[in-house]
Amino acid sequence: MDHPLTNNYRLLIFYTLFWAIIGITNFILLVIWYNVPLIYALLDTSTTFILFPLMGSSIWYSIRYNSLEDVSAGSLILFHFIAASILCAIWISITYAIFKPFMDDGNQYLANSLPFKIFGGYVMYAVFLVFFYAVNYYQSLKEKIKKEAQYKTLLREAELQALKSQINPHFLFNSLNSISSLTVSNPEKAQEMVINLSTFMRYSLTHEQKEMVTFARELENIKLYLGIEKVRFGKKLNTEFVIDEHCLVAEIPNMILQPLFENAIKYGVYETTDQVTIKTTCRCEGNILKFTIVNDYDASSLQRKGEGIGLRNIRKRMQITYNQPDLIKIKDYKTSFEVQLIIPQKPTMS
Amino acid sequence: MSKKLQTLIIEDEELARTLLRSYLKDHPDIEIIGECENGFDGVKAINEKKPDLVFLDIQMPKITGFEMIELLDHKPQIIFTTAYDQYALKAFELNAVDYLLKPFSKERMLMAIEKVIHHIHNAESNIEKLEELSNFRPGEAYIDRVVVKDRHKIHIITVDKIRYIESLDDYVMIYTQDGRHMKQKTMKYFETYLDPKNFIRIHRSFIVQVDNIAEIQQYEKDSYVVILKDKDKTKLKVSKTGYKKIKEVLHF
């Protein structure tokens, strides 16, 4: 830890000015009031208000590693009393050494001032102590606030990261199996699917980099995803899109839609033998993007238990991102299931 | 091998079926006798055609491959196919029944067939292994549906429809709002896999759905009966430990 006086320019100025003002006042008093010869007044003032504060600044190191909370009051007082005594002793010795050549001319002023310096030294030590404790306290507080803010950002990022959808391995392996089959029966189609799957995977794997994307970009990815699933499910999967053109520029959290479609396929297409339609509607209302996805499902073979992990994660992610509850609405119509996302937009958007 | 293995493919995805078909096309010991797209048709086809070997997908619409096994009268050799299911894989590892992880190579599939032929030659039955697998519930701790077969019809009963279950030796009778269904499973199975918050084993012979209990009556010192919410006011005996469990769940 660097010394605050060398580290903080403003603190150094404050510390210097403080002692300078007292020093100059002292000097003027000595000369005008007590008629002390100029040279003695200068020597006295400079040793007290330049030399000693310089030495005193070293107590920072003892304070830095001796926080008020960790040590008992008694040992703290004892510690500082001893430290003050040592510092005073050194200071007075140096002062005496400086004074000595000037004391030979018979003037008693300098010699007489020495005992007073012992008392003054302790008082000034106390001033240093208060000053550096205050500095230390202020710095730790600032550091703590900074760390807390950092921690909060990290936590939020980690939370968002955890909530982001991961590509379902089931989807990946089934798609690979479809490709494996196509390489035999329809190599061109196999190639097309490999490319689609790669594009989709690339989007999903790099999506950590940017939190927000345009709706158009996200939609493109969804269509890719549904295209891959259509190869697997054939006629069983039918999709419909009703999208307001001007919604396309809206900003939405990336990969927030994919889990919705994954769910629709899991509960809709997977569990039935009939054709299932996934209908997607998107409208802009003022500063809100309303995204709705409806899928049929077979209630006879499935007992829907409201919100699964997928939907819960989206709910949480929306809440963290927009700091607003209830941005996801779920309706179960017994033969169809509806999920609506309400995505707030910046007011500048029309 | 004197006779070709009569083989059935049960798989919901067209492309997966195509692949299996092309792998099996030239195999000298295999004759494909049919293909099914879902578990319902699969059960029917197995019971009617009695194949020697079945390639069975696990995740399928309506009922899963595991659930299908419960409904079979005829138990063929089975090679499971699955894309990814960590729970199911666990079950397979504990079990010698062979399985293929999608996507799989032709060589890997041939190995599985070799294994099956070996089983048949040594007259090793895999019925026990299959039963074990059918008792296995992948993924979730509690089941949310039960599949039953009455004569030729398969019913899927979501657990919220179950009123109570009665034990009948090797079978259980499942009473629902619409009727009753017999199933070859143990009480222990249902006690383990039905959510204990909703279902209580009140007696050696009964498991009852909590929401279905209308009243609990004392009819002798230390013995109780549960009266159900139906028009017949069905009475079920409660054992001592059963009574304790009811008290725990209903907090009285």
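Residues numbered from 1 in each chain as written. Chains lettered and ligands numbered in written order. Predicted model: local features only at pLDDT ≥ 70, side-chain atom pairs only at ≥ 80, totals over all residues.

Enquirer: Looking at this structure, how should I read the packing of helix α10 (residues 258-269) of chain A against helix α11 (residues 309-322) of chain A?
Expert: Any two packed helices are characterised by the angle at which their axes cross and by the distance between the axes. Residue and element names in this part refer to chain A. Where α10 contacts α11, the two axes come as close as 10 Å, and the packing angle between them is 160°. Our classification of the angle between α10 and α11 gives roughly antiparallel. As for how α10 packs across α11, the hand of that crossing is left-handed. Residues Pro259, Glu262 and Asn263 of α10 form the contact with α11, whose participating residues are Gly310, Leu311 and Ile314. (Axes fitted to C-alpha atoms, helices over the stretch in contact; angles between N-to-C directions. Helix = DSSP H or I, 4+ residues; strand = E, 2+ residues; numbered from the N terminus. Parallel < 35°, antiparallel > 145°, perpendicular 65-115°, else oblique. Left-handed = near helix turned anticlockwise from the far one by under 90°. Contact = placed C-beta atoms within 7 Å.)

Enquirer: Got a minute to help me understand the interface of chain B and chain A in this structure?
Expert: Interface size is commonly expressed as the accessible surface area that is lost when the partners come together. Contacts between the two partners involve 22 residues from chain B, matched on the other side by 21 residues from chain A. Elements represented by at least two residues in the side of chain B that touches chain A include exactly α1 (14-24) and β7 (153-158) of chain B. It is α1(B) that contributes the most residues to the side of chain B that touches chain A, six residues altogether. Classifying every residue of the side of chain B that touches chain A by side-chain character gives nine nonpolar, five polar and eight charged. (Nonpolar A, V, L, I, M, F, W, Y, C, P; charged D, E, K, R; others polar.)

Enquirer: Teacher, can you tell me more about the pairing of strand β14 (residues 223-228) of chain B here?
Expert: Sheet faces and side chains relate simply in a regular strand, where the side chains alternate between the two faces. Residues and elements named next belong to chain B. As paired elements, strand β13 (residues 213-220) and β14 share six bridges and run antiparallel to each other. Looking across to β14, one finds that glutamate 215 is bridged to isoleucine 227. The loop that links β13 with its antiparallel partner β14 comprises two residues; one of these, aspartate 222, has a positive phi angle of about 70°. Taken together, the four bridges between β14 and strand β15 (residues 235-238) define a ladder with antiparallel strand orientation. (Pairing = 2+ DSSP bridges.)

Enquirer: Explanation requested: the sheet that holds strand β3 (residues 53-57) of chain B in the structure shown.
Expert: Residues and elements named next belong to chain B. Pairing in this open sheet of five strands is parallel, and the strands run β2-β1-β3-β4-β5 from one edge to the other. Unpaired on one side and paired on the other, β2 (30-36) and β5 (99-101) mark the two borders of the sheet. Strand-to-strand twist across the sheet, computed as the mean angle between neighbouring axes with direction ignored, equals 20°. The sheet strands contacting helix α5 (residues 106-121) are β2, β3, β4 (77-82) and β5, and the helix crosses β4 at an angle near 160°.

Enquirer: So what exactly am I meant to see when it comes to the nonpolar core here?
Expert: Looking at soluble globular proteins, one finds that nonpolar side chains tend to be buried together. Core analysis: the biggest nonpolar cluster contains 101 residues, and A:Phe261, A:Leu289 and B:Ile207 have the highest contact counts within it. It is helix α9 (residues 215-233) of chain A that contributes the most residues to this core, nine residues altogether. What A:Phe261 contacts, discounting residues up to four positions off in sequence, is A:Ile222, A:Tyr225, A:Leu226, A:Ile278 and A:Ile293. One finds A:Ala84, A:Trp91, A:Met124 and A:Phe128 within the second-largest nonpolar core, a separate group that totals 14 residues. (Core = buried A, V, L, I, M, F, W, Y, C linked by C-beta atoms within 7 Å. Buried ≥ 20, exposed ≤ 12 C-beta atoms within 10 Å, placed from the backbone.)

Enquirer: What's the story with the sheet that holds strand β4 (residues 276-285) of chain A in this structure? I'm lost.
Expert: Two orientations exist for strands paired in a sheet by backbone hydrogen bonds: parallel and antiparallel. All names here are of chain A. Here we have five strands laid out as an open sheet, ordered β2-β4-β5-β7-β6, and mixed in their pairing. Sheet topology places β2 (237-243) and β6 (328-332) at the edges, where each strand pairs with a single neighbour. Taken over all neighbouring pairs, the strand axes of this sheet differ in orientation by 15° on average, direction set aside. Here five bridges tie β6 to strand β7 (residues 336-344), and the two strands are oriented antiparallel to one another. Considered in β7, the bridge of aspartate 332 is made with phenylalanine 337.

Enquirer: Please clarify how the confidence of the model for chain A should be interpreted in this entry.
Expert: Detailed reading of the predicted coordinates is not advisable wherever pLDDT is low. When pLDDT is averaged along chain A, the result is 86, and 94% of the positions lie at 70 or above. Confidence, expressed as mean pLDDT per element, reaches its minimum in chain A at helix α4 (residues 59-64) of chain A with 81 and its maximum at β2(A) with 94. (pLDDT = per-residue confidence, 0-100.)

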